Amino acid sequence: MGKIGQMSSKKKQKVSQQLSSPTAVSLPPPRKPLPPHQAVLAPMVGGSELAFRLLARRHGAQLCYTPMIYSNRFVDDEAYRRAELRSCAADAPLVAHFCGNEPKTLLRAARLAEPHVAAVDLNLGCPQRVAHAGHFGSYLLDECDRPLVLSIVRTLATHLRVPVFCKIRLLDELEETLRFCGQLREAGCALIAVHARYRGSATRRRDGPAHLEQVAAIKQALGELPVLSNGNVREAADVLDSLSFTAADGVMSAEGALDHPALFHHAAVRALPMRKRLRKQLRQAKADTAAGDACATKLKHLRAQLRPLVRVPPPALREPPSSLVGLALEYLDLVDEHSAASPLSSVRFHVRRMCSAGLRRFALMDALEETRTTAQVRHLVEQLSKYEAFPESYVPDSAEERKRSEQAVRASDGGHALLKERSMARRSSSGWSTFHIHRDESCMLRWSCARRIHCAL
């Protein structure tokens, strides 16, 4: 009887894992199964720290990545290791996102992180100058570095008990990208996140909208290997559109989640009625046996529409605040709860992204940059909340209003000339009297002024 109960418990656990991650695969040698990966918060330097990860998880993110971790420093510096891998029980499942170019160093770093994470990810997508200087990230995508990259993936996959992921950018030609992804799979990569933009350069990292058609081609070529689509997600509808267009196993978001941390929750809510409607149409189509070939075509079409919606996880149990300011206050609560996990620069960064419209409307952006503590940031956000609830309580500061006016004028045609006129008028009214305009050899205008001097004879 005891054995039967034990077998039943194992079976339930297996079924639970399958339900939570329908596309999970386990590559030899046996290792932990893949975590759920349909709604994923991307790795962001200074952005995906503990407090923000917890906020995103509350509102729909299933899987979160750490910010980029330098593997060599992670191995050598215990304080750095504690800071970069700071987590808690609610911060799971978590992916440790490492950069580097030394297989042995990366393995040592991954082994230190292994007990605390669900997977380890190799950064093959960072295009920044620091990646160029350190020869990691997207600067490992050249053909000459291919043996090194595959050696790193193979070393990690062979020696770790957690899955190994890779986050890449597009190569110059689709065929090259497809071949590279196939090589990563053969080396032991268990999941590939594709930032669907080209590598660019150290000074130019974006080239317009992401090329999601290439993600679709990659997913089709890789078959059962999970692929995440990263790019062109700014709002909830984009999550569903990306899943439908690419047939990817999940969506990874950075910019969209920064602007609206409840992005995945709203996508899930949006998917519910769509799923219900399509399932009803499927039942009706199946009942219509007299339609013949037309019925088969319709069934195929409906199933294709339903397939990406099935990948969307159910909405989070916690209803998000109705406003972005409310989300910002919730984030600040998490910052206070995990005070050592969020530097002030990250706190200001997140508040600026979530509350940018209100901060601009009520001329509080400069005040945010002048804050020196999280308590001051909270006071500012509470003030913004009051202004949004009672706009009549906002009393414009004359200096701030003048600055906003000048910014608007500067953006218009002839704005610079008008600003100079206003500046002259202000100085004249405050005691600046004589203005001289000189024209130098390059015909550039230089402004100089002289202070009126009152003296007694």
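First things first, this report covers the structure right here in the doc. The structure presented is a predicted model; accordingly, all values stated were derived computationally and were not measured. (Residues numbered from 1 in each chain as written. Predicted model: local features only at pLDDT ≥ 70, side-chain atom pairs only at ≥ 80, totals over all residues. Heavy atoms only, no water.)

**Let's talk about the overall build of the chain**
Helices and strands together make up the secondary structure of the chain, namely 20 helices and eleven strands. Across the 457 residues in the chain, those meeting the buried criterion constitute 46%. A sequence separation of at least 24 residues applies to 66% of the contacts in the chain between residues at least 6 apart. Surface exposure of the chain reaches about 23,900 Å², of which carbon and sulfur atoms provide 53%. (Helix = DSSP H or I, 4+ residues; strand = E, 2+ residues; numbered from the N terminus. Buried < 20%, exposed > 50% of the residue type's maximum accessible area, 1.4 Å probe, protein only. Contact = heavy atoms within 4.5 Å. Areas by Shrake-Rupley, 256 points an atom, 1.4 Å probe, with all protein chains shown as cover.)

**Regarding helix α8 (residues 174-187)**
For α8, which comprises 14 residues, the first-to-last C-alpha distance of 20 Å matches the rise-based estimate of 20 Å (1.5 Å per residue) to within 8%. For α8, every residue scored as buried is listed here: T177, F180, C181, G182, Q183, L184 and A187. Structurally, α8 contributes buried residues whose contacts are with β5 (119-124), α7 (146-159), β6 (164-170), β7 (191-198) and α9 (212-222). One or two steps after α8, the chain reaches G188, where phi turns positive at roughly 120 degrees. (Expected span 1.5 Å × (residues − 1).)

**What to know about the packing of helix α14 (residues 324-337) against helix α15 (residues 344-354)**
Look at α14 against α15: their axes get within 9 Å of each other, and the N-to-C directions meet at 165 degrees. When the axes of α14 and α15 are compared, the pair comes out roughly antiparallel. Where α14 crosses over α15, the two elements pack in a sense that is right-handed. Residue-level contacts link L324, L327, A328, Y331, L332 and V335 of α14 to S346, V347, H350, V351 and M354 of α15. Of the residues assigned to the contact of α14 with α15, the class counts are nine nonpolar, two polar and no charged. (Axes fitted to C-alpha atoms, helices over the stretch in contact; angles between N-to-C directions. Parallel < 35°, antiparallel > 145°, perpendicular 65-115°, else oblique. Left-handed = near helix turned anticlockwise from the far one by under 90°. Nonpolar A, V, L, I, M, F, W, Y, C, P; charged D, E, K, R; others polar.)

**What about a positive patch on the surface?**
A cluster of basic side chains, namely K276, R279, K280 and R283, defines a positive patch on the protein surface. Here R279 is to be found in helix α12 (residues 263-287). Residue classification places R279 among the partly exposed positions, given a relative accessible area of 38%. (Patch = residues over 30% accessible without salt bridge, like charges linked within 9 Å, V, L, I, M, F, W, Y side chains within 5 Å. Salt bridge = Lys/Arg side-chain N within 4 Å of Asp/Glu carboxyl O. Lys, Arg positive; Asp, Glu negative; His and termini not counted. Charge placed at Lys NZ, Arg CZ, Asp CG, Glu CD.)

**Here we look at the nonpolar core**
It is characteristic of soluble globular proteins that their nonpolar side chains tend to be buried jointly. Grouped together as the largest cluster of nonpolar side chains are 67 residues, with contacts concentrated most on Y65, F165 and Y331. The dominant element in this core, judged by the number of residues it contributes, is α14, at eight residues. (Core = buried A, V, L, I, M, F, W, Y, C linked by side-chain atoms within 4.5 Å.)

**Comments concerning the side chain of R146**
Mapped onto the elements, R146 comes out in helix α7. On the basis of relative accessibility, which here comes to 4%, the residue R146 falls in the buried class. If sequence neighbours within four positions are ignored, R146 has contacts with L141, L171, R179, F180 and Q183.

**As for unusual backbone geometry**
For the bond from A92 to P93, the omega torsion is 0 degrees, close enough to zero to count as cis. If you trace the backbone, P93 turns up in the loop between α4 (78-84) and β4 (94-99). Even without glycine at this site, H135 takes up a positive phi of about 55 degrees. Turning to its location among the elements, H135 is positioned in the loop between α6 (129-134) and α7.

**Describing the state of the cysteines**
For the structure on display, the rule yields zero disulfides. The cysteine C166 is free of any disulfide, with C189 supplying the nearest cysteine sulfur at 3.7 Å. (Disulfide = S-S within 2.5 Å.)

**Let's talk about the pattern of salt bridges**
If the charged atoms of two oppositely charged side chains come close together, the side chains can form a pair. Here the structure, examined in full by the defined rule, presents 15 salt bridges. A salt bridge links D91 to R53; its shortest N-O distance comes to 2.7 Å. Pair noted here: D91 is in the loop between α4 and β4 and R53 is in helix α2 (residues 50-58), with a separation of 38 residues, a long-range link. By relative accessible area, D91 is classed as buried at 2%. On the basis of relative accessibility, which here comes to 2%, the residue R53 falls in the buried class. Put simply, R146 and E143 hold a salt bridge, and the shortest N to O gap is 3.7 Å. Through salt bridges that share partners, R234, E255, D259 and R353 make up one connected network.

**Here's the deal with α14**
Counting along an α-helix, one turn takes 3.6 residues, and residues three or four places apart therefore face a common direction. Between its first and last C-alpha, α14 extends 20 Å over 14 residues, near the 20 Å set by a 1.5 Å rise per residue. Judged by how many residues are buried, α14 sits mostly within the fold: ten of 14 residues are covered. The set of residues buried in α14 consists of V325, G326, L327, A328, L329, E330, Y331, L332, L334 and V335. Buried residues along α14 sit against α2, α15 and α18 (374-389).

**Structural notes on the side chain of S229**
Along the chain, S229 falls in strand β8 (residues 227-230). Among the polar contacts made by the side chain of S229, one reaches the side chain of S242 at a distance of 3.1 Å. Excluding its chain neighbours within four sequence positions, the residues that come into contact with S229 are V194, L212, V215, S242, T246, A248, G250, V251 and M252. (Polar contact = N/O pair within 3.5 Å; in protein donor to acceptor, adjacent residues only side chain to side chain.)

**Let's talk about the packing of aromatic side chains**
The tally for this structure, following the rule as stated, stands at six aromatic pairs. Pairing F362 with Y387 gives two aromatic rings, centres 5.4 Å apart and planes at 40 degrees, and the pair type is tilted. Of this pair, F362 sits in the loop between α16 (356-361) and α17 (365-369) while Y387 is found in helix α18, placing the two residues 25 residues apart along the sequence. Measuring from ring centre to ring centre gives 5.1 Å for Y387 and Y394, while their planes differ by 70 degrees; the resulting arrangement is edge-to-face. Taken as a pair, Y387 and Y394 share a single burial class, namely buried. These aromatic residues form a ring-pair network of at least three members: F362, Y387 and Y394. (Phe/Tyr/Trp six-rings, centres within 6.5 Å; stacked < 30°, edge-to-face > 60°.)

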